[in-house]
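# Commentary on secondary and tertiary structure
Okay, here's what each chain looks like letter by letter:
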Amino acid sequence: MIVEIEGVPLHLAHPDELSITWVGQEEVMRQLLAAWLVIDPQDLPMNPRLLGKPGVGKTTLAYAAAKRLDREVYIMQATADTRPEDLLVTPVIEGEARLRYVASPLVTAMLRGGIVILDEGNRMSEKSWASLAPLLDNRRYVESIVAGIKIKAHPLFRVVATMNDDASTFDLPEYIHSRLQPMILIDFPERHEEFAILRENLPFGDDHILNYVTDFLQQAHAADERYTARDGINIARYAIKLKSLATDRTHEQQALETAVIETLGEEALRYVRRNRPTTS
Ligand SMILES: Nc1ncnc2c1ncn2[C@@H]1O[C@H](COP(=O)(O)OP(=O)(O)OP(=O)(O)O)[C@@H](O)[C@H]1O
Ligand SMILES: [Mg+2]
């Protein structure tokens with residue numbers, strides 16, 4: 001699709017279509033939806049950021065919330081190499097001495113009234129963030145130096161940034177911090193929620209394996225270990241595969257322990273419930 005801005009044709013990106021459901025933890029969902037809400041003609045939406053450990057569900061929550069609003073969702077993966085033009089408009093050579101201007105997922109969302117997830121935003125340099133400064137305050141526009149145009153955000157445009165809660169997150173300058181509020185922290189889920197997350201992601205897994213992995217995760221959370229639902233899903237998924245090739249019933253315990261070790265390393269075994277008879 002092509003949209004013309006100030007006489008410059010922009011080629012738009014495609015929205016992301018994922019089958020993602022958010023399970024449990026309704027409070028953070030409510031906070032995110034509230035931040036995006038506009039309650040008066042004079043009101044403005046906010047630009048929330050989701051914080052939490054890797055694998056705790058930040059991208060999942062952002063996507064699921066955007067889908068609840070029935071909007072197009074664009075995921076913009078940020079890295080240390082993301083340049084301002086990658087965030088906005090990139091020129092692509094098209095035939096002889098002709099340039100085609102390609103809109104980023106973010107600019108596409110701005111033009112179409114969609115929602116953009118600036119994923120892993122903490123990895124991005126200050127210079128790239130600086131190009132978004134006018135978008136993230138009441139001006140709601142960006143300026144593409146490359147295409148020589150100013151692009152205004154559709155009133156329905158919304159943005160959310162996700163960031164890991166490690167040290168790199170706090171390297172951002174103050175003027176960016178103050179534009180990415182509120183900060184919504186995703187914490188570890190309760191036991192019944194964690195089980196439901198495993199069940200949602202592994203509908204074919206048997207209860208015993210999912211319960212075992214839920215217990216493992218809950219023990220790890222109690223010790224403030226960085227293991228998350230993603231690790232649990234990997235452990236359970238692998239254990240299910242290992243077990244399917246096993247011949248003996250006692251192999252389930254073995255499958256689970258192997259899955260823990262080969263997902264997170266030997267040290268993770270300390271959170272495992274051992275119900276085998278001990279010999280010593
Ligand atoms: N509440 C939840 N409901 C459904 N699935 C969840 C939930 N929380 C976590 N998950 C699952 O856990 C996995 C990791 O989630 P996700 O990728 O969103 O984490 P993240 O915080 O974005 O991680 P990273 O920091 O590495 O990007 C996904 O497979 C996701 O489906
Ligand atoms: Mg993520």
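Along each chain, the written sequence defines residue order, and numbers are assigned to residues from 1. Note on labels: chains are lettered from A, ligands numbered from 1, in written order. A pLDDT threshold of at least 70 governs which residues receive local features in this predicted model, and a stricter bar of 80 or more applies before side-chain atom pairs are shown or counted, although totals over entire chains, interfaces and linings include all residues. Computation of side-chain values covers all heavy atoms of the structure but excludes hydrogens and water.

## Structural notes on the side chain of Arg 179
Labels follow the DSSP assignment, with helices taken as runs of H or I lasting at least four residues and strands as runs of E lasting at least two, numbered in each case from the N terminus. One can find Arg 179 in the loop between helix H6 (174–177) and strand S11 (183–185). For the exposure calls, accessible area comes from a 1.4 Å probe over protein chains only, and a residue counts as buried if that area is under 20% of its type's maximum, exposed if over 50%, partly exposed in between. Taking relative accessible area as the criterion, Arg 179 reaches 18% and is therefore assigned buried. Note on contacts: a residue pair is in contact if any heavy atoms of the two residues lie within 4.5 Å. Arg 179 has contacts with Asn 47, Ala 133, Leu 136, Asp 137 and Arg 139, leaving out every residue within four places of it along the chain.

## Observations regarding the environment of Gln 31
In this structure, Gln 31 sits in helix H1 (residues 26–36). Classification of Gln 31 by relative accessible area gives partly exposed; the value is 31%. In the structure, Gln 31 is positioned 154 residues away from Leu 185 in sequence and 10.0 Å away in space, judged by C-alpha atoms.

## Digging into the sheet that holds strand S3 (residues 49–52)
Each pair of strands is called paired provided DSSP finds at least two bridges between the two strands. Strand order across the open sheet formed by 5 strands is S4-S7-S10-S3-S11, with parallel pairing between neighbours. Each end of this open sheet is capped by a strand with a single partner; those strands are strand S4 (73–77) and S11. Sheet twist, expressed as the mean angle between neighbouring strand axes with direction ignored, is 25°. Each axis is a line fitted through C-alpha atoms, taken for helices only over the stretch in contact, and angles between the N-to-C directions span 0 to 180 degrees.

## Considerations on helix H2 (residues 58–68)
Those residues of H2 that sit buried are Lys 58, Leu 61, Ala 62, Tyr 63, Ala 64, Ala 65 and Ala 66. Buried residues along H2 sit in contact with H1, S3, S4, strand S7 (115–119) and strand S10 (158–164). After H2 finishes, the residue Asp 70 shows a positive phi value of roughly 60°.

## Side note on the pattern of salt bridges
Side chains carrying opposite charge are able to pair once their charged atoms draw close together. Any carboxyl oxygen of Asp or Glu that lies within 4 Å of a side-chain nitrogen of Lys or Arg is treated as forming a salt bridge with it. Evaluated as defined, the whole model comprises 15 salt bridges. Salt-bridge contacts for Lys 67 lead to Glu 17; the nearest nitrogen and oxygen are separated by 3.8 Å. One end of the pair, Lys 67, is in helix H2; the other, Glu 17, is in the loop between strand S2 (8–11) and H1, and 50 residues separate them in sequence. In this structure, Arg 139 engages Asp 137 in a salt bridge whose closest nitrogen and oxygen atoms are separated by 2.8 Å. A relative accessible area of 39% means that Arg 139 is categorised as partly exposed. On the basis of relative accessibility, which here comes to 19%, the residue Asp 137 falls in the buried class. Residues joined by salt bridges that share partners form a network here, namely Arg 83, Glu 85 and Asp 86.

## So, the site of ligand 1
To be near a molecule or strand, a residue needs just one of its heavy atoms within 4 Å of it. Near ligand 1 you find 19 residues, and of these Gly 55, Lys 58, Thr 59, Thr 60 and Asn 164 are the closest. Under the rule applied, a polar contact is a pair of N or O atoms within 3.5 Å (in protein, one hydrogen donor and one hydrogen acceptor; residues adjacent in sequence only if both atoms are side-chain atoms). Backbone polar atom of Gly 55 to an oxygen atom of ligand 1: 2.7 Å apart, as the coordinates give it. In this structure, Thr 60 approaches ligand 1 through a side-chain N or O atom, which is 2.5 Å from an oxygen atom. Here ligand 1 has 640 Å² of accessible area as a free molecule, and 87% of this is covered by the chains. Going through the elements one at a time, H2, helix H7 (191–201) and helix H9 (229–244) are the ones with two or more residues in the shell around ligand 1. Looking at the shell around ligand 1 residue by residue, the classes come out as 7 nonpolar, 8 polar and 4 charged. Only the protein chains shown count as cover for residues, and the accessible areas themselves come from Shrake-Rupley with a 1.4 Å probe. In this count, Pro and Cys sit with the nonpolar residues alongside Ala, Val, Leu, Ile, Met, Phe, Trp and Tyr, while Asp, Glu, Lys and Arg are called charged and the others, Gly among them, polar.

## Here we look at the nonpolar core
Soluble globular proteins tend to bury their nonpolar side chains together. What is meant by a nonpolar core is a set of buried Ala, Val, Leu, Ile, Met, Phe, Trp, Tyr and Cys residues, joined one to another through side-chain atoms within 4.5 Å. Membership of the largest hydrophobic core comes to 37 residues, with the highest contact counts inside it found for Val 107, Trp 129, Leu 132 and Ile 151. Among the secondary structure elements, those contributing two or more residues to this core are S2, S4, strand S6 (99–103), helix H4 (105–112), S7, strand S9 (149–152) and S10. Among the elements that line this core, the one with the most residues is H4, at 5 residues. Membership of the second largest hydrophobic core comes to 24 residues, among which are Tyr 212, Ala 220, Val 260 and Tyr 271.

## Some details on the sheet that holds S2
Taking strand neighbours across the sheet as the criterion, the 4 strands line up as S1-S2-S6-S5 in an open arrangement whose pairing is mixed. Each of the sheet's edge strands pairs with one partner strand only, and the pair in question is strand S1 (2–5) and strand S5 (89–93). Along the sheet, successive strands turn relative to each other by an average axial angle of 40°, direction set aside. As defined by bridge partners, S2 adjoins S6 across 2 bridges and the pair is classed as parallel. Within S6, the position partnered with Leu 10 by the bridge is Tyr 101.

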